[in-house]
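Descriptive structure summary
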Amino acid sequence: MMAAPSSRAVAIGGSLLLLLVFALSSTVIYLTSSGPAASPSSILLNLRPAKCPPAPPLRVFMYDLPARFHVAMMTTAANGSGGEGFPAWPPSAGGIRRQHSVEYWMMASLQGGGGEGKFGAREAVRVADPEAAEAFFVPFFSSLSFNVHGRNMTDPDTEADRLLQVELIDVLWKSKYWQRSAGRDHVIPMHHPNAFRFLRDMVNASVLIVADFGRYTQELASLRKDVVAPYVHVVDSFINDDPPDPFEARPTLLFFRGRTVRKAEGKIRAKLAKILKDKDGVRFEDSLATGEGINTSTEGMRSSKFCLHPAGDTPSSCRLFDAIVSHCIPVIVSSRIELPFEDEIDYSEFSLFFSVEEALKPDYLLDQLRQMPKEKWVEMWSKLKNVSSHYEFQYPTRKGDAVNMIWRQVRHKIPAVNLAIHRNRRLKIPDWW
């Protein structure tokens, strides 16, 4: 008599069968015969992983706020429109106003509806029915409001900014959709470090679009719920950057141009100036972001191998993104910087990082740059060119550009948002743990 299989053998056989079923269910099987009378042994079995369909765009409801909350703050009508009746960003509003204009480009991306943009799939589309929305966009140009209402934080004209914030909070708190989620599924751009400064604590549950966390408490903003967005670059993108020898085409080793007198962590700039100025291969210049200064920065970045990015008043600044679109390898000196899209982009492939202590060691930073082999530099430069399109703001949007990347980051936050909303509805003691 044949012995009955042991229980161990049965278990192993069952496991193998389950693995085979799983493998077959997750692959596309192609059967190709060599002719009409092919034998089983002549059949070619190709197993290829099934391709996942692209995720549908995030469904976003945009609040219908009066123009004084957004486009009316732009120096507008005389500068034309940006297609489909939406006003273009005015060329005269450059410098710091443009740097923090993420709010404008996000609003622009929701114009027109539909699931396809002019140049490919969009990551977010506007829906007319709030019941169908996965997220709610609040089109308040809080950064521009800070910049146009008063010349500094003590100017009496800043009262206009405060009143807009008061009125907006009243609108939001009366909305049943805000009440339903306590604002957790609402997306609020707050890119300038002083944006929404009067009442920002009243929207601390929302998804905030920020430049960094330098001026936010942990109770207000964090990587867990918020999105770090790039600055809008102010230098022109380097389009035709294809020299036969890119290394030799950039004769300057290290370039920096900007204000050296800064607050907080930015005090390192003055210290770096003493160490780096007049060193061989270094251009370290003190300047303001004027029109002529921007032209000089463009020329300097395009002719340099490395561009220095020390902290300013906050850990980040526009200079980093100017360097990226100029294909100048960033040298980042900051202990607290957060970077956009870092779950998808590995900055160490095209950037160098130094702690404040390392950067202030005499000659240490320059020695590291000079010791990099040409082949390594070219490799990093090539990767930098490949990712630079992710930092372009434009309307209409293009696939993979900055606005689409931001919306994709918002989509990544939605599962955690829904978890918080659902838990809050049933907990008797909120966040008891």
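For the protein chain, an unreviewed UniProt entry supplies the name Exostosin GT47 domain-containing protein and the organism Brachypodium distachyon. Quoted straight from UniProt, the Subcellular location (unreviewed entry) entry for the protein chain says "Golgi apparatus membrane". The heading Sequence similarities (unreviewed entry) in the UniProt record of the protein chain holds the text "Belongs to the glycosyltransferase 47 family."

1. Topic: helix H12 (residues 374–387)
Compared with the 20 Å implied by 1.5 Å per residue over 14 residues, the 20 Å span of H12 between its first and last C-alpha is a close match. Residues of H12 that are buried include every one of Trp377, Met380, Trp381, Leu384 and Val387, and no others. Taken end-on, H12 shows its buried residues confined to a sector of 130 degrees, consistent with a single buried face. Away from its buried face, by an angle of more than 90 degrees, H12 presents the exposed residues Glu375 and Asn386. Where the residues of H12 are buried, they touch strand S13 (304–310), helix H9 (319–325), strand S14 (329–333) and strand S15 (352–354).

2. Some remarks on the pairing of strand S3 (residues 58–62)
For S3, the tally of buried residues reaches four of five residues, placing the bulk of the element in the interior. By the bridge criterion, three bridges tie S3 to strand S7 (residues 135–137) in an arrangement that is parallel. Paired with Met62 across the bridge in S7 is Phe137.

3. Some details on the pairing of S13
Extensive coverage of S13 is indicated by the burial of seven of its seven residues. When strand S11 (residues 252–258) meets S13, the two strands line up parallel, connected through three bridges. Residue Phe255 lies in a different strand from S13, and its bridge partner there is Cys307. Sheet topology note: the S13/S14 ladder contains five bridges and is parallel. The partner of Leu308 across the bridge, within S14, is Val331. Read as a crossover between parallel neighbours, the route from S13 over H9 to S14 is right-handed.

4. Here's the deal with the pattern of salt bridges
In this structure the tally under the stated criterion is 18 salt bridges. For Arg180, the salt bridge is made with Glu131, and the minimal N-O distance between the two is 3.5 Å. With Arg180 in helix H6 (residues 176–181) and Glu131 in the loop between strand S6 (124–126) and S7, this residue pair connects regions lying 49 residues apart in the sequence. Taking relative accessible area as the criterion, Glu131 reaches 47% and is therefore assigned partly exposed. Close ionic contact of Asp170 with Lys174 constitutes a salt bridge, the shortest N to O distance being 3.2 Å. On the criterion of helical spacing, the pair formed by Asp170 and Lys174 is a turn pair, its members being four residues apart in helix H5 (residues 158–174). In this structure Asp170 comes out as partly exposed when scored by relative accessible area, which is 38%.

5. Overview of the packing of aromatic side chains
All told, the structure shown has 19 aromatic pairs when counted by the stated rule. Judged by centre distance (5.4 Å) and plane angle (25 degrees), the ring pair of Phe136 and Tyr177 falls under stacked. Taken together, the residues span a long stretch of sequence, with Phe136 in strand S7 and Tyr177 in helix H6 at a distance of 41 residues. An aromatic cluster is built from Phe86, Trp89, Tyr104, Trp105, Phe141 and Tyr395, whose rings are joined through pairwise contacts. Here the guanidinium or amino end of Arg302 rests over the ring plane of Phe238, the centre of that ring lying 4.4 Å away.

6. Quick notes on empty space enclosed by the protein
Counted by the stated rule, this structure contains two cavities of 30 Å³ or more. The space that makes up the largest cavity amounts to roughly 40 Å³. Lining the largest cavity, in full, are Ile275, Leu276, Ala359, Lys361, Asp363, Tyr364, Leu365 and Leu366. Take the lining of the largest cavity: its biggest share by element is three residues, from helix H11 (residues 364–370). Its residues placed into classes, the lining of the largest cavity shows six nonpolar, no polar and two charged. Each pocket or cavity is described by its volume, and for the second largest cavity that value is around 30 Å³.

Thresholds applied
- Residues numbered from 1 in each chain as written.
- Predicted model: local features only at pLDDT ≥ 70, side-chain atom pairs only at ≥ 80, totals over all residues.
- Heavy atoms only, no water.
- UniProt positions renumbered as here; feature names shortened; annotations may be inferred.
- Helix = DSSP H or I, 4+ residues; strand = E, 2+ residues; numbered from the N terminus.
- Expected span 1.5 Å × (residues − 1).
- Buried < 20%, exposed > 50% of the residue type's maximum accessible area, 1.4 Å probe, protein only.
- Arc of directions from axis to C-beta.
- Contact = heavy atoms within 4.5 Å.
- Pairing = 2+ DSSP bridges.
- Right-handed = clockwise from strand over helix to strand, strands pointing away.
- Salt bridge = Lys/Arg side-chain N within 4 Å of Asp/Glu carboxyl O.
- Phe/Tyr/Trp six-rings, centres within 6.5 Å; stacked < 30°, edge-to-face > 60°.
- Lys NZ or Arg CZ within 6 Å of the ring centre and 35° of its normal.
- 1 Å grid on protein atoms, 1.4 Å probe; cavity = no way out; pocket = protein on both sides within 12 Å on 5 of 7 lines; lining within 4 Å.
- Points joined across faces, edges and corners; volume = space filled by probe spheres on them.
- Nonpolar A, V, L, I, M, F, W, Y, C, P; charged D, E, K, R; others polar.

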